Amino acid sequence: MSPDEARRRPPTAQQFVLAELRRAITTGRLRPGAPIRQDALAEELQVSRVPLREALKTLQGEGLVTYEAHRGYFVETLSLDDLREVYRIRHLLEEEAVRRAVPLLTDADLGRLEAAQDDVERAAGAGDVLAMATANRVFHMTLFDCAGMPRLARLIRTLWDATDAYRSMYYGDAGNRDRVVKEHRATLDALRRRSADEAVATLNVHRDHAVAELKPFLES
């Protein structure tokens, strides 16, 4: 581990392992259905099996990994019906969050959204899947948090967690990255004009495109 990596390492071994596992899943290094080999991971991350097991239990609770008796942990796989269900629930909850948030938006809120969008566009241009997934999440969650409904925001985050393993498939395509940038810009334009209806409509299209692009992966 380099000195820079050591400085960035979270304060506890479990948090460090959790962050590294999320990174591996989000970037596609650990793809849906892939086994998680605990011995190899513990050696690679230079940690004992204890924080690794605790991190895996956390991810299991979030729906990112699954445990099979006598076989161990695997990255969770979703059927097309699973994905559609998650996105349908997101549609309902996120529309409520956006409609609540828009009348409350301040110039400072818009500034945070614009900064997140700058990060999205920078990552998209560089083809950095992890950075784009991170910035994209910041963009959306910043908007949802503006609704002032923390329980609603937590529910939405849980639904996002359940599909993290598929983000690398979506963001790995340059055309999808460009589409996300354009749809975010359209959303921002609607938010600047305080048009909840337009923001909701744009975000509905945004989600529909993701499902359509992921459909072939899930069907195969």
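Parameters and conventions
Residues numbered from 1 in each chain as written. Predicted model: local features only at pLDDT ≥ 70, side-chain atom pairs only at ≥ 80, totals over all residues. Heavy atoms only, no water. Helix = DSSP H or I, 4+ residues; strand = E, 2+ residues; numbered from the N terminus. Rg over C-alpha atoms; globule rule 2.2 N^0.38 Å. Buried < 20%, exposed > 50% of the residue type's maximum accessible area, 1.4 Å probe, protein only. Contact = heavy atoms within 4.5 Å. Areas by Shrake-Rupley, 256 points an atom, 1.4 Å probe, with all protein chains shown as cover. Axes fitted to C-alpha atoms, helices over the stretch in contact; angles between N-to-C directions. Parallel < 35°, antiparallel > 145°, perpendicular 65-115°, else oblique. Left-handed = near helix turned anticlockwise from the far one by under 90°. Nonpolar A, V, L, I, M, F, W, Y, C, P; charged D, E, K, R; others polar.

Under an unreviewed UniProt entry, the protein chain has the name GntR family transcriptional regulator and belongs to Nonomuraea insulae.

Trainee: So what's going on with the overall build of the protein chain? Which residues, and what values?
Mentor: When helices and strands are tallied, the protein chain shows 11 helices and 2 strands. For the protein chain, the sequential pattern of α-helices and β-strands runs α-α-α-α-β-β-α-α-α-α-α-α-α. Taking 220 residues into account, the globule formula puts the C-alpha radius of gyration at 17 Å, and the protein chain, at 18 Å, falls close to it. Counting only C-alpha atoms, the protein chain reaches 55 × 40 × 35 Å along its principal axes. For the protein chain, the proportion of its 220 residues judged to be buried stands at 46%. When contacts within the protein chain are restricted to residue pairs at least 6 apart in sequence, long-range pairs at least 24 apart make up 73% of them. Accessible surface for the protein chain amounts to roughly 11,200 Å². Of this, 50% is attributable to carbon and sulfur atoms.

Trainee: Any chance you could break down the packing of helix 7 (residues 129-145) against helix 8 (residues 150-161) for me, citing the residues and the numbers?
Mentor: Helices that pack against each other are described as a pair by the angle of their axes relative to one another and the distance between those axes. Two elements in contact, helix 7 and helix 8, have axes separated by 10 Å at closest approach and are oriented at 160°. When the axes of helix 7 and helix 8 are compared, the pair comes out roughly antiparallel. The interaxial crossing formed by helix 7 with helix 8 has right-handed handedness. Across the interface between the two elements, N136, R137, H140, M141, F144 and D145 of helix 7 pack against A153, I156, R157, W160 and D161 of helix 8. Per-class residue counts for the contact of helix 7 with helix 8 are 5 nonpolar, 2 polar and 4 charged.

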